[in-house]
There are 2 protein chains.
Amino acid sequence: MDQMVPVVAGSVGIILAWGLYRLVLRYPAGEGLVREISDAIHHGAMVFLRREYGVLAWFVAIVAVLIAFSHLGFPTMFAFLMGAFCSALAGYFGMFSATRANVRTAIAAQRHGSSTALSVAFFGGSIMGLTVASLGLIGLGSLYLLYGGDPQTAHAIHGFGMGASSVALFSRVGGGIFTKCADVGADLVGKVEAGIPEDDPRNPGVIADNVGDNVGDVAGMGSDIFESYCGAIIATIAIASTMSVDLIDPLGTQQSLMFLPLALASAGLLCSVLGIAAVKLFSALAPANALRIGTVGASFLFSALAYGVTVAVGVSINVWLAVIAGALGGVFIGVVTEYYTGGKPVRDIAAAGETGAATVIISGFAIGMQSVILPMFTICAMIYLSTAVCGLYGVGIAAVGMLATVGITMAIDAYGPVADNAGGIAEMASMGKETRAITDSLDELGNTTAAIGKGFAIGAAALAALAIIAAYVQTVALHVDNFHLELDNPQVLIGMFLGGVFPFWVASLTMTAVGDAASEMIQEIRRQFREIKGLMLGEAKPDHARCIEIATDAALKRMVFPGILAVAAPVLVGFGLGPEALGGMLGGALVCCVLLALTMANAGGAWDNAKKYVEKGNHGGKGSEVHHATVVGDTVGDPFKDTSGPAMNILINVMAIVSLVIAPLLG
Amino acid sequence: MDQMVPVVAGSVGIILAWGLYRLVLRYPAGEGLVREISDAIHHGAMVFLRREYGVLAWFVAIVAVLIAFSHLGFPTMFAFLMGAFCSALAGYFGMFSATRANVRTAIAAQRHGSSTALSVAFFGGSIMGLTVASLGLIGLGSLYLLYGGDPQTAHAIHGFGMGASSVALFSRVGGGIFTKCADVGADLVGKVEAGIPEDDPRNPGVIADNVGDNVGDVAGMGSDIFESYCGAIIATIAIASTMSVDLIDPLGTQQSLMFLPLALASAGLLCSVLGIAAVKLFSALAPANALRIGTVGASFLFSALAYGVTVAVGVSINVWLAVIAGALGGVFIGVVTEYYTGGKPVRDIAAAGETGAATVIISGFAIGMQSVILPMFTICAMIYLSTAVCGLYGVGIAAVGMLATVGITMAIDAYGPVADNAGGIAEMASMGKETRAITDSLDELGNTTAAIGKGFAIGAAALAALAIIAAYVQTVALHVDNFHLELDNPQVLIGMFLGGVFPFWVASLTMTAVGDAASEMIQEIRRQFREIKGLMLGEAKPDHARCIEIATDAALKRMVFPGILAVAAPVLVGFGLGPEALGGMLGGALVCCVLLALTMANAGGAWDNAKKYVEKGNHGGKGSEVHHATVVGDTVGDPFKDTSGPAMNILINVMAIVSLVIAPLLG
């Protein structure tokens, strides 16, 4: 297969994303109040992103200089800058179009009904999905053309992953703090204290809340998936370039094994495009069915196509089995997540509300911890199957198999916040009950797809990180004689204990940040209700901008330390305690990150849906004691599922890829 | 040093414990209502323990038969039975005397004041402390005389640890479920619904609540410390018997290295006895000072004495440094725990109550996660220092150094529930405000010492488990050629992921058990208030026995699965996936168990004290909105700190010791 394929496929993907964007713009954007509100959201989101990137630019510049002056040299620095740039670009494009699609979804729901609204919202998400996959392919494809020909220079490609992952961590943490501080603040004062509905235009925090959905769930999630996607491909290339080919697949050549992940990802992009077309084609069906046809169809098609790709690249068919293991495992973890955040556990939490908020918290937490069992067993099974067919290379390939159709998975994920925002705009601009009913049904579906997407993201991040760690071990072994990571080596043990600390530390930092920022937001919203005359009567306008500013400042200030901690920890441990300790640290961090990510995401999702279940009239419905108890659960779950939990995915990938990049220096 | 010393020291310790028991009995036990209440608590506790041991007897018998028929043979079976028996006996003695001391403490407070009350409560706890240390020394000392002479037969001694640890896990989990189901049930209905004070005699659940304090905090804690204590000694003997002596200490002989942990523990027992005497001597001082003189004095004395022991046994002085690392590390972890459960973090949680229960939970959880950082760094430092002087043997010796003065540490820990119970009896029997004030001040001090004790127990369990794991690796290496636990081996990786699952699984099971059992208890207490006429007026008596029965049934039923899971998991993984996977599993489980144990214990302790801080009049005091919010935190913290959290310590030790026992069969 021609080595130009990934770059070409990526370029075509970008053109299609551009086409979708033009298509979305053709839908009417409304006028008057509707336009004003949606512009405020768009503007707030873009201002946040620009300010965030302003901070990141400093970080990226400093790290780039450090890389250039280390023995890694210019190629790694170039790749690092490219990775950071592509990651930022993916977030920017995705959010730009999502904040254009939201208002058009609301108008479409009002004028044309559910089917058209689904199309617009889904197109909005698809732009993000295609951008993520395409930018990854263009970036990595061109670096492969530059440096991939020789296993000696291939190491430079890792820099791309480091750039992507570190930008992703900052974006995820910053976005997560922004969205939850706005959400918690607006809800607590608006719904609880002032007694006005969610998304009421009189609430000063409501625009910030809607901005937050984009900043956290679109841009944050996009950079999260982008870095897992690139991490999986990079790790597979790295393993192929450092491991003895005979141990992987006696049929293949080193070059073919190195190229395979890029070829698979190109095929995956094609399948995603076809899946997106299928959703549009079937948009007259119930939205849930249309989305399912698109994703499941794309997965099946990819599984078949991957067989052809494996043959075409000239690798043994065993390797294809690892692709299948990854693709199936990803689907299964998604299904388990759906059960825990939508099935019987949710009703159990709601029932626990009968004895108050404390039992809601205890049962939700117990369910979150229980929800790790099946996904972890699945990950073990994937490791077992994929390494049985082609060693640790198989883990990388399984991760690529899971992430290859990221174009459509991400589209479905990003569709959720677009629909959510459409609902917010419909409410704020009083677009009528029927419109709100349509956007609500789209939003509800979005919650389910988002939960599945989160489970999928955790599984993918775990496999990608594992592959990167394997690549790290291989790379160090090239430079350090007799390098072994034995568990009974005190260095490795100390590393493992240290590795366990970081996920808990970062989770604690991000949760505290949300708490502190939310309390600032609460004070500001209370102040506006108190000081702006006529606000409650709808005669005066709230100062939205001040709320956005508070959330932005808090997010930018509080994202710095966790981000630097994640990037600096491997460097300090690697140079301070040695490559064995660093290896142990990655192992300990991997296990703890995955466990915390699953627990927090699923407990948070289950609490959220338990509250919604009660709001539908169960256990006394809205306003009952049980409802108040489940609201407490939902509020605790907010930072769990949208700030600290998602940060875990990226944290382990950042630590792993930084270790891989500095590996040659640890000799 | 003579090899009879441990057995002789242990026997003397038992005689002293018996003497203390006779001393406690000399204090008046009250009459009438006081006597009646204290008899009900004593009776309830002993009935629970007998029924629990009835269930455990089946488990022990089955496992003993399995061991006898395996290749491990009779010696291991004998040691296993002895370990189980000694653990049960320690729990029985401790609880028997604690439930005799509680009422005498209350009477002493009423008639003689604070100093005498402290003496009685502390003697009650000391009996437990001395029993734990003495039974460990007698059991392990005599097994050492039997099997320790030849490194070939020394393996049988491990059975003692397996017996002790499995009984401990069941006791800890069963006791934890009992105490928290009674506590949550009695509090929610009594304090919140019926509006009567804590420990009010009209509350049907109040005797069960007081029984629970003994069952969970005395018997459960006792068997917990007992198994860590024995585990540390056993692991050190095992490492010495399997490792090349030259790698540990070129000066010592194998026999001297094997005997050293027993010699150190004997010296530790002596120091504990002197420490206990010092507390009595200074009991006229403020209670906190008297306790501090006893513990710190014992630690210092032990550090000096350990030097002499090391010389007398004929081991190089390097090894003594590992003892000091362990002893200092234990103290430091205790201090950190005290800060997180008593310092600024507690006031922060209380302040978070200003914005409701949700922020109390978020901030408490963040603080719990943050509290792992320093203890984990301390553990890393201890590993680093102790392995630097004498390899992995040093880790075992550090654990022994930490646990050697367990006699007094445990005494101070068990003193807490005795004082707590004395307060309960004083309240129920209306012994007057002044009596209650004295027992309250003793109880408050008990909460602090209990928190320090918990931190200490976690640190000790972590080091002990690590030493056992090291012994496991050494033992397998004797039987399996070319045995390596490399982190990039897929078997090891799968094991690590599996190992991370079990702590989360067991935590989830135990939390759910508390939730379910508490809701049964709530229904029963509500029923009694509804159906027993005149109960609220104090004219009719509640049916205490029924509540105790519910708690007992729930505890016995729900302790079985987590216990069997812990014992069976290493066997299934070891024989199913091989010794590499089992090694990885122990590594993953160790890190996660320690992290969860610290998070849960410290978050729980901080929530508890935040509630008490508000009750002292801060943020509006009792009955305010902030108080309600902190009560939610306290209730969530109950299963965290007293059921699931403590179970983590033993879980890792059970898994490790079972692995060590089956290690020779995995060849």
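Residue numbers restart at each chain and count upward from 1, following the sequence in its written direction. Going through the entries in the order they are written, you letter the chains from A and number the ligands from 1. Only residues with pLDDT of 70 or above have their local features reported here, since the model is predicted, and side-chain atom pairs are shown and tallied only from 80 upward, although totals for entire chains, interfaces and linings are computed over all residues.

A. How the structure looks around the overall build of chain A. Strands here mean DSSP runs of E at least two residues long; helices mean DSSP runs of H or I at least four residues long; both are numbered from the N terminus. Secondary structure assignment for chain A yields 19 helices and zero strands. For chain A, the spread of C-alpha atoms along the principal axes amounts to about 75 × 50 × 45 Å. Exposed residues have 12 or fewer other C-beta atoms within 10 Å of their own C-beta, buried residues have 20 or more, and residues in between are partly exposed; the C-beta atoms are placed from the backbone. By residue count, 69% of the 667 residues in chain A fall in the buried class.

B. Inspection of the packing of helix H6 (residues 206-242) of chain B against helix H13 (residues 373-403) of chain B at higher detail. All names here are of chain B. Helix axes are fitted only over the stretch in contact, all axes being lines through C-alpha atoms; the angle between N-to-C directions runs from 0 to 180 degrees. In contact at an axis separation of 9 Å, H6 and H13 are set at 155 degrees when each is read in the N-to-C sense. Here H13 runs roughly antiparallel to H6, going by the angle between their axes. Classified by chirality, the crossing of H13 by H6 is left-handed. Only Leu-392, Tyr-393, Gly-396, Ile-397, Ala-399, Val-400 and Leu-403 of H13 make contact with H6, whose side of the interface consists of Ser-228, Tyr-229, Ala-232, Ile-233, Ala-235, Thr-236, Ile-239 and Ala-240. The nonpolar class holds Ala, Val, Leu, Ile, Met, Phe, Trp, Tyr, Cys and Pro. Asp, Glu, Lys and Arg form the charged class, and all remaining residues, Gly among them, are polar. Classifying every residue of the contact of H6 with H13 by side-chain character gives 12 nonpolar, three polar and no charged. Between 65 and 115 degrees an angle is taken as roughly perpendicular, under 35 as roughly parallel, over 145 as roughly antiparallel, and anywhere else as oblique. By definition, any crossing whose near helix is turned counterclockwise from its far helix by less than a right angle is left-handed, and any crossing with a clockwise turn is right-handed. Note that contacts rest on C-beta atoms placed from the backbone: two residues are in contact if these are within 7 Å.

C. The relation of the copies chain B and chain A, seen in detail. Least-squares superposition of the copies uses the C-alpha atoms of those residues scoring a pLDDT of at least 70 in each of them. Of the transformation placing chain B onto chain A, the axial shift is 0.0 Å and the rotation is 180 degrees, giving an RMSD of 0.0 Å. Here the copies are linked by what is in effect a two-fold axis. Among all C-alpha atoms of chain B, that of B:Glu486 lies closest to the rotation axis, at 2.2 Å. Same-surface contact between copies: 100% of interface residues of chain B are shared with the interface of chain A.

D. Representation of helix H1 (residues 5-26) of chain B in the model. Residues and elements named next belong to chain B. Expected span, for any helix, means 1.5 Å times one less than how many residues it has. With 22 residues, H1 extends 32 Å between its outermost C-alpha atoms, agreeing within 8% with the 32 Å of an ideal straight helix rising 1.5 Å per residue. Within H1, the full set of buried residues consists of Pro-6, Val-7, Ala-9, Gly-10, Gly-13, Leu-16, Ala-17, Leu-20, Tyr-21 and Val-24. Against the buried residues of H1 lie helix H3 (73-111), helix H4 (114-147) and helix H8 (254-281).

E. Quick look at helix H17 (residues 544-577) of chain A. All names here are of chain A. Its 34 residues give H17 an end-to-end C-alpha distance of 49 Å, which sits within 8% of 50 Å, the value for a rise of 1.5 Å per residue. A residue's bend is the angle separating two fitted axes: one through the seven residues that end there, the other through the seven that start there. Residue Ala-568 marks the point of greatest curvature in H17, where the axis turns by about 35 degrees; the proline Pro-570 follows within four residues. Among the residues trailing H17, Gly-578 stands out with phi positive, at a value near 105 degrees.

F. Structural view of the interface of chain B and chain A. Every contact between the two is made by 60 residues of chain B and, on the other side, 60 residues of chain A. Those elements giving two or more residues to the side of chain B that touches chain A turn out to be helix H12 (357-370), H13, helix H15 (433-479), helix H16 (490-531), helix H18 (579-615) and helix H19 (625-662) of chain B. Among the elements that line the side of chain B that touches chain A, the one with the most residues is H16(B), at 18 residues. In the side of chain B that touches chain A, the residues fall into 41 nonpolar, 17 polar and two charged.

G. Structural view of unusual backbone geometry. The phi dihedral of A:Asn482 is positive, around 55 degrees, even though this residue is not glycine. Within the secondary structure, A:Asn482 is located in the loop between helix H15 (433-479) and helix H16 (490-531). For A:Asn482, a count of 5 C-beta atoms within 10 Å puts it in the exposed group. With a phi close to 50 degrees, B:His619 is a non-glycine residue in the positive phi region. By the element assignment, B:His619 lies in the loop between H18 and H19.

H. Molecular detail of the confidence of the model for chain A. Residue and element names in this part refer to chain A. Averaged over every residue, the pLDDT of chain A is 89; the share at 70 or more is 100%. Values of pLDDT, ranging from 0 to 100, describe the predictor's confidence in every residue of the model. The secondary-structure element of chain A with the lowest mean pLDDT is helix H7 (residues 245-248), recorded at 72, while helix H1 (residues 5-26) shows the highest, at 94. Model confidence for the complex is summarised by a pTM of 0.93, with the ipTM given as 0.92.

I. Broad picture of the environment of B:Ala603. All names here are of chain B. Turning to its location among the elements, Ala-603 is positioned in helix H18. Ala-603 gets classed as buried once you count the C-beta atoms within 10 Å, which come to 30. Sequence separation between Ala-603 and Gly-645 is 42 residues; the distance between their C-alpha atoms is 10.0 Å. If sequence neighbours within four positions are ignored, Ala-603 has contacts with Gly-364, Phe-365, Ile-367, Gly-368, Gly-637 and Phe-640.

J. Molecular detail of the packing of helix H5 (residues 158-194) of chain B against helix H17 (residues 544-577) of chain B. All names here are of chain B. It is at 8 Å that the axes of H5 and H17 come closest, and there the two elements cross at 145 degrees. Note on packing geometry: the crossing formed by H5 with H17 is right-handed. Within the contact between the two elements, H5 uses Ser-166, Leu-169, Phe-170, Val-173, Gly-174, Ile-177, Phe-178, Cys-181 and Ala-182 and H17 uses Cys-547, Ala-551, Thr-552, Ala-554, Ala-555, Leu-556, Arg-558, Met-559, Pro-562, Gly-563, Ala-566 and Val-567. Broken down by class, the residue content of the contact of H5 with H17 amounts to 16 nonpolar, four polar and one charged.

K. Here's a closer look at the environment of B:Val215. All names here are of chain B. Here Val-215 lies in helix H6. Spatially, the C-alpha atom of Val-215 lies 38 Å from that of Val-492, the residues being 277 residues apart in sequence. Discounting residues that sit within four places of it in the chain, Val-215 has contacts with Ala-45, Phe-48, Gly-175, Phe-178, Thr-179 and Gly-220.

L. Summary view of the environment of B:His155. Assignment of secondary structure puts B:His155 in the loop between H4 and H5. It is 42 Å that separates the C-alpha atoms of B:His155 and B:Asn421, two residues lying 266 residues apart in sequence.

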